[in-house]
Amino acid sequence: MEKTVQLYEGKAKKVYATTDENLVIVDYKDDATAFNGLKKGTISGKGVINNRVTNFLMQLLEKNGVPTHFVEEISERETVVKKVSIVPLEVIIRNISAGSFAKRFGVEEGIVFDEPTIEFSYKNDDLGDPLMNSYHAIALKLATKEEIETIKSLAFKVNEVLKAYFLSIGIELVDFKLEFGKTSDGTIVLADEISPDTCRFWDSKTHEKLDKDRFRRDLGNVEDAYIEIRKRLLGE
Ligand code: ADP
Ligand code: UDP
């Protein structure tokens, strides 16, 4: 399989076409952004870690019955994935209050919910990824009713699998963002990435933040947090 043309350069990854029309290669960068691109920086080594961590978690999810876009890791920063048409929704699951949830509802961070919550944002940088409910998504034909139901149930399944796994390595899975896509035959699969860029991870004992909040909030030791997540997940 060969890379051909670059299809897209995003904030954290580049996407390349390949000689197989059903496959693309994603290439993870060290660039970091926050607050809808307002804050920019570099997290040295992040691309390598996010590639490894995402692929490890995608494979864990596959083993547990969640279909994903993962095909094969081909280098430190590059992975072959199934080409999908991305459903333009950011699917956010929360187990503990933090970030925009705490801000929007005027509550402190760290409230442990009895049940996880789900919300959608419209993936549209020009509009600042506005919050939207499933009726809005269906009205705008971003997905069908059936597709939304599939996405919801897969997202909660991802949460069950990941929450239990992270607990076993001493990490609380606070919240995370997922993206889903449709393959050429119309199957909904989990796509994009699952990494410290897209999840909040707190150490179970110390509650230390081990994710991109260290960058967003200038907490220092950003690289170390990413390294710690890789170490706990992969032992490397
Ligand atoms: P952004 O677009 O938010 O800046 P990235 O820098 O992570 O994000 O760019 C990666 C892009 O690739 C995203 O737009 C994401 O939706 C898209 N993508 C992720 N997985 C796939 C896939 N399997 N097929 C096609 N596009 C994908
Ligand atoms: N998130 C993400 N990309 C986004 C927005 C959010 O990966 O464009 C993740 C974020 O890392 C966190 C979760 O989704 O794990 C919930 O984010 P929140 O809504 O609290 O927004 P934030 O505080 O990041 O603005």
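To start, this report covers the structure provided alongside it.

Rules used throughout
Residues numbered from 1 in each chain as written. Chains lettered and ligands numbered in written order. Predicted model: local features only at pLDDT ≥ 70, side-chain atom pairs only at ≥ 80, totals over all residues. Heavy atoms only, no water. Helix = DSSP H or I, 4+ residues; strand = E, 2+ residues; numbered from the N terminus. Rg over C-alpha atoms; globule rule 2.2 N^0.38 Å. Buried < 20%, exposed > 50% of the residue type's maximum accessible area, 1.4 Å probe, protein only. Contact = heavy atoms within 4.5 Å. Areas by Shrake-Rupley, 256 points an atom, 1.4 Å probe, with all protein chains shown as cover. Near = heavy atom within 4 Å. Polar contact = N/O pair within 3.5 Å; in protein donor to acceptor, adjacent residues only side chain to side chain. Nonpolar A, V, L, I, M, F, W, Y, C, P; charged D, E, K, R; others polar. Core = buried A, V, L, I, M, F, W, Y, C linked by side-chain atoms within 4.5 Å.

### Brief notes about the overall build of the chain
Then, in step 1: Along its length, the chain carries six helices and 14 strands.
Then, in step 2: The C-alpha radius of gyration of the chain comes to 17 Å, within 12% of the 18 Å expected for a compact globule of 236 residues.
Then, in step 3: With the C-alpha coordinates of the chain rotated into their principal frame, the extents come out at 50 × 40 × 35 Å.
Then, in step 4: Considering the chain as a whole, with its 236 residues, one finds that 51% of them fall into the buried category.
Then, in step 5: Counting only contacts in the chain whose residues sit at least 6 apart along the sequence, the fraction spanning at least 24 positions is 56%.
Then, in step 6: Split by element, the accessible area of the chain, about 11,500 Å² in all, is 51% carbon and sulfur.

### Quick notes on unusual backbone geometry
Then, in step 1: Even without glycine at this site, Asp 192 takes up a positive phi of about 55 degrees.
Then, in step 2: A positive phi angle, near 50 degrees, is found at Asp 218, a position not held by glycine.
Then, in step 3: Mapped onto the secondary structure, Asp 218 falls in the loop between helix 5 (213-216) and helix 6 (222-234).
Then, in step 4: Its relative accessible area of 61% is what places Asp 218 among the exposed residues.

### Topic: the site of ligand 2
Then, in step 1: Contacts to ligand 2 come from 15 residues, most closely from Arg 94, Ser 100, Asp 175, Arg 200 and Arg 216.
Then, in step 2: Glu 90 places a polar side-chain atom, nitrogen or oxygen, 3.0 Å from an oxygen atom of ligand 2.
Then, in step 3: With respect to ligand 2, the backbone of Thr 198 contributes an N or O atom lying 3.4 Å from an oxygen atom.
Then, in step 4: Here ligand 2, which alone exposes 510 Å², has 78% of that area covered by the protein.
Then, in step 5: Contributing elements (two or more residues each) for the shell around ligand 2: strand 9 (89-96), helix 2 (99-105), strand 12 (171-182) and strand 14 (199-203).
Then, in step 6: Considering only residue class, the shell around ligand 2 consists of four nonpolar, three polar and eight charged.

### Considering the nonpolar core
Then, in step 1: Leu 89, Leu 162, Leu 178, Phe 180, Leu 190 and Ile 194 are the most contacted members of the largest nonpolar core, which totals 46 residues.
Then, in step 2: Looking at this core, the elements that each hand over two or more residues are strand 4 (31-34), helix 1 (46-63), strand 9, helix 4 (145-168), strand 12, strand 13 (188-191), strand 14 and helix 6.
Then, in step 3: If one sorts the elements of this core by residue count, helix 4 sits on top with eight residues.
Then, in step 4: Ignoring anything within four residues of it in the chain, the contact list for Leu 89 reads Phe 120, Ser 121, Lys 123, Met 132, Ala 137, Leu 142, Ile 148, Leu 178 and Glu 179.
Then, in step 5: Grouped together as the second largest cluster of nonpolar side chains are five residues, Val 15, Val 24, Val 26 and Val 81 included.

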